[in-house]
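Per-entry structural report
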Amino acid sequence: MPLIIKDEYPENLFREDGKRLDGRDVNELRPIKMEVGVIKNADGSAYLEWGNNKIFATVYGPREVHPHHLAKPDKGVLRVFYRMATFSVFDRKRPAPGRREKEISMIVADCIEPLLFLELYPGTSFEVFIEVIDADGGTRCASTTVAALALADAGIPMKSLVSALAVGKIDGKKVVDLSGIEDKAGEADFPIAITWYNEEISLLQFDGDMDLEEMNEFLDLAKNALKDVHQIQLEALKSKYIKLQEETIQTKENNDKKGDE
Ligand code: UDP
């Protein structure tokens, strides 16, 4: 893929062979890798690589609320902090959290809150810290997806996971999973999240140009692609427990051997 300098966008977002600039078909996701339990100091954590996006999510809770005045007597409080590293984007990002980071923190919180049983944890807090190390389009969706995994890794009871991705329109064609350049140079960007316990949409933002019929087509496109994202989340959780099981069996075998000697 050609190096895109600052605001110089390419004229075409499709190559001559009909593929997108990064070689994908219209309904193809970027490569996705997820792993849980990656940060030892947190109660739960997850790491995600989604195309060129690299994102960590960590979870602390349920624990005492700081500052105390935020505590609620009848339920737990969820706080989400989305941050982009200064070196995560082409232009140096100002280190202080900006309006966009506050907006995305709120979006992620809105997607995650319905999954939790906060009423069972009065007076406590659940804090989710998201660090975008490298950003290339769709970080709000990737952050929502990885935050849900970190909560599950923390062993916090949840109704289900939530998965998110952006669909959109580039050069007049509907595509799934916009890359950074497609997000900026395309005609429409449509981030969507689905909570799996009720298959309801918990995030729907829209930037661009489309009619109602197109919107329904986009929703179908997103729902199909999100099933694959959900599967990758589940595999990441499962592989943690498979690894744990293997380690336990190995430890037992080693102990048995020592006992025999
Ligand atoms: N971006 C950037 N500088 C910023 C914020 C964002 O270069 O200060 C890039 C980054 O690659 C991001 C993309 O623009 O993924 C699209 O940003 P948007 O606000 O649409 O959010 P996202 O698509 O990441 O959810």
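To start, this report covers the structure provided alongside it. Just so you know, these numbers come straight off a predicted model, no measurement behind them.

**Considerations on the site of the ligand**
Around the ligand, the structure places M84, V89, R100, A135, D136, G137, G138, T139, R140, D183 and K184. Here A135 contributes a backbone N or O atom positioned 3.3 Å from an oxygen atom of the ligand. Look at the ligand: alone it shows 510 Å² of surface, and the protein chains cover 76% of it. For the shell around the ligand, the secondary-structure elements that each account for two or more residues are α2 (139-153) and α3 (180-185). The class makeup of the residues in the shell around the ligand is 3 nonpolar, 3 polar and 5 charged.

**So, the pattern of salt bridges**
Considering all chains together, one arrives at 20 salt bridges under this definition. Ionic pairing is found between E113 and K75, a salt bridge with its closest N-O pair at 3.5 Å. On the criterion of sequence distance, the pair formed by E113 in the loop between α1 (99-112) and β5 (124-134) and K75 in the loop between β3 (53-64) and β4 (77-84) is long-range, its members being 38 residues apart. Residue K75 is classed as partly exposed on the basis of its relative accessible area, which comes to 25%. One continuous salt-bridge network, built from bridges that share partners, spans R20, D22, R24, R30, D177 and E182.

**Notes on α1**
Between its first and last C-alpha, α1 extends 20 Å over 14 residues, near the 20 Å set by a 1.5 Å rise per residue. Buried within α1 are the following residues: E101, I104, S105, I107, V108, A109, C111 and I112. Packed against the buried residues of α1 are β4, β5, α2, β6 (162-170), β8 (188-195) and β9 (200-204).

**Side note on the side chain of R30**
Here R30 is to be found in the segment before β1 (32-36). A polar contact of 2.8 Å, which involves the side chain of R30, links it to the backbone oxygen of D136. A polar contact of 3.2 Å, which involves the side chain of R30, links it to the backbone oxygen of L178. Among all residues touching R30, those that are not within four sequence positions of it are D22, R24, W50, G51, N53, D136, G137, D177, L178, S179 and G180.

**Considerations on the sheet that holds β5**
Two orientations exist for strands paired in a sheet by backbone hydrogen bonds: parallel and antiparallel. Read across the sheet, 5 strands follow the order β1-β2-β3-β5-β4 without closing on themselves; strand pairing throughout is mixed. For this open sheet the edge positions go to β1 and β4, each flanked by a neighbour on one side alone. The sheet shows a mean angle of 15 degrees between the axes of neighbouring strands, direction not considered. When β3 meets β5, the two strands line up antiparallel, connected through 9 bridges. Each bridged residue has a counterpart across the sheet, and for T58 the counterpart in β5 is F129. The strands touched by α1 within the sheet are β4 and β5, with β4 carrying the most contacts at an inclination of about 140 degrees. Strands β1, β2 (44-50), β3, β4 and β5 of the sheet are contacted by α2, whose axis makes an angle of about 150 degrees with β2.

**Some remarks on helix α4 (residues 212-260)**
Between the first and last C-alpha of α4 there are 72 Å, a value that for 49 residues agrees with the 72 Å anticipated at 1.5 Å per step. Every buried residue of α4 is listed here: E214, F218, L219, A222, A225, L226, V229, H230, Q233, A236 and L237.

**Topic: the side chain of T144**
As for its position among the elements, T144 is in helix α2. Of the residues examined, T144 reaches a relative accessible area of 0% and is grouped as buried.

**A few points about the packing of α1 against α2**
Interhelical geometry of α1 versus α2 gives an angle of 45 degrees and a closest axis separation of 10 Å. Here α1 lies oblique to α2, going by the angle between them. Helix-helix and strand crossings are classified by hand; for α1 and α2 the assignment is right-handed. Facing R100, E103, I104, I107, V108, C111 and I112 of α1, the residues of α2 in contact are T139, R140, S143, T144, A147, A148 and L151. Tallied by class, the residues present in the contact of α1 with α2 amount to 8 nonpolar, 3 polar and 3 charged.

**Focus: the nonpolar core**
L78, L116, V128, I130, L151 and M158 are the most contacted members of the largest nonpolar core, which totals 63 residues. No other element matches the 9 residues that α2 contributes to this core. Excluding its chain neighbours within four sequence positions, the residues that come into contact with M158 are L115, L116, F117, A148, L151 and A152.

**As for the packing of aromatic side chains**
Two numbers describe a pair of aromatic rings. These are the distance of the centres and the angle of the planes. Taken as a whole, this structure holds 6 aromatic pairs when the rule is applied. Each ring, one from F81 and one from F129, has its centre 5.0 Å from the other, and the planes form 10 degrees; the classification is stacked. Of this pair, F81 sits in strand β4 while F129 sits in strand β5; the two residues are 48 residues apart in sequence, bridging distant segments of the chain. Seen in terms of ring centroids, F190 and F218 are 5.7 Å apart; in terms of plane orientation they differ by 90 degrees. Their pairing is edge-to-face. Residue F190 is located in strand β8, and its partner F218 is located in helix α4; the two are separated by 28 residues in the primary sequence. Pair check on accessibility: F190 and F218 agree, each one buried. By the ring-pair criterion, three or more aromatic residues cluster together here, those being Y60, F81 and F129. Over the ring of F218 we find K174; its NZ or CZ atom is 5.8 Å from the centre of that ring.

Cut-offs used in this document
- Residues numbered from 1 in each chain as written.
- Predicted model: local features only at pLDDT ≥ 70, side-chain atom pairs only at ≥ 80, totals over all residues.
- Heavy atoms only, no water.
- Near = heavy atom within 4 Å.
- Polar contact = N/O pair within 3.5 Å; in protein donor to acceptor, adjacent residues only side chain to side chain.
- Areas by Shrake-Rupley, 256 points an atom, 1.4 Å probe, with all protein chains shown as cover.
- Helix = DSSP H or I, 4+ residues; strand = E, 2+ residues; numbered from the N terminus.
- Nonpolar A, V, L, I, M, F, W, Y, C, P; charged D, E, K, R; others polar.
- Salt bridge = Lys/Arg side-chain N within 4 Å of Asp/Glu carboxyl O.
- Buried < 20%, exposed > 50% of the residue type's maximum accessible area, 1.4 Å probe, protein only.
- Expected span 1.5 Å × (residues − 1).
- Contact = heavy atoms within 4.5 Å.
- Pairing = 2+ DSSP bridges.
- Axes fitted to C-alpha atoms, helices over the stretch in contact; angles between N-to-C directions.
- Parallel < 35°, antiparallel > 145°, perpendicular 65-115°, else oblique.
- Left-handed = near helix turned anticlockwise from the far one by under 90°.
- Core = buried A, V, L, I, M, F, W, Y, C linked by side-chain atoms within 4.5 Å.
- Phe/Tyr/Trp six-rings, centres within 6.5 Å; stacked < 30°, edge-to-face > 60°.
- Lys NZ or Arg CZ within 6 Å of the ring centre and 35° of its normal.

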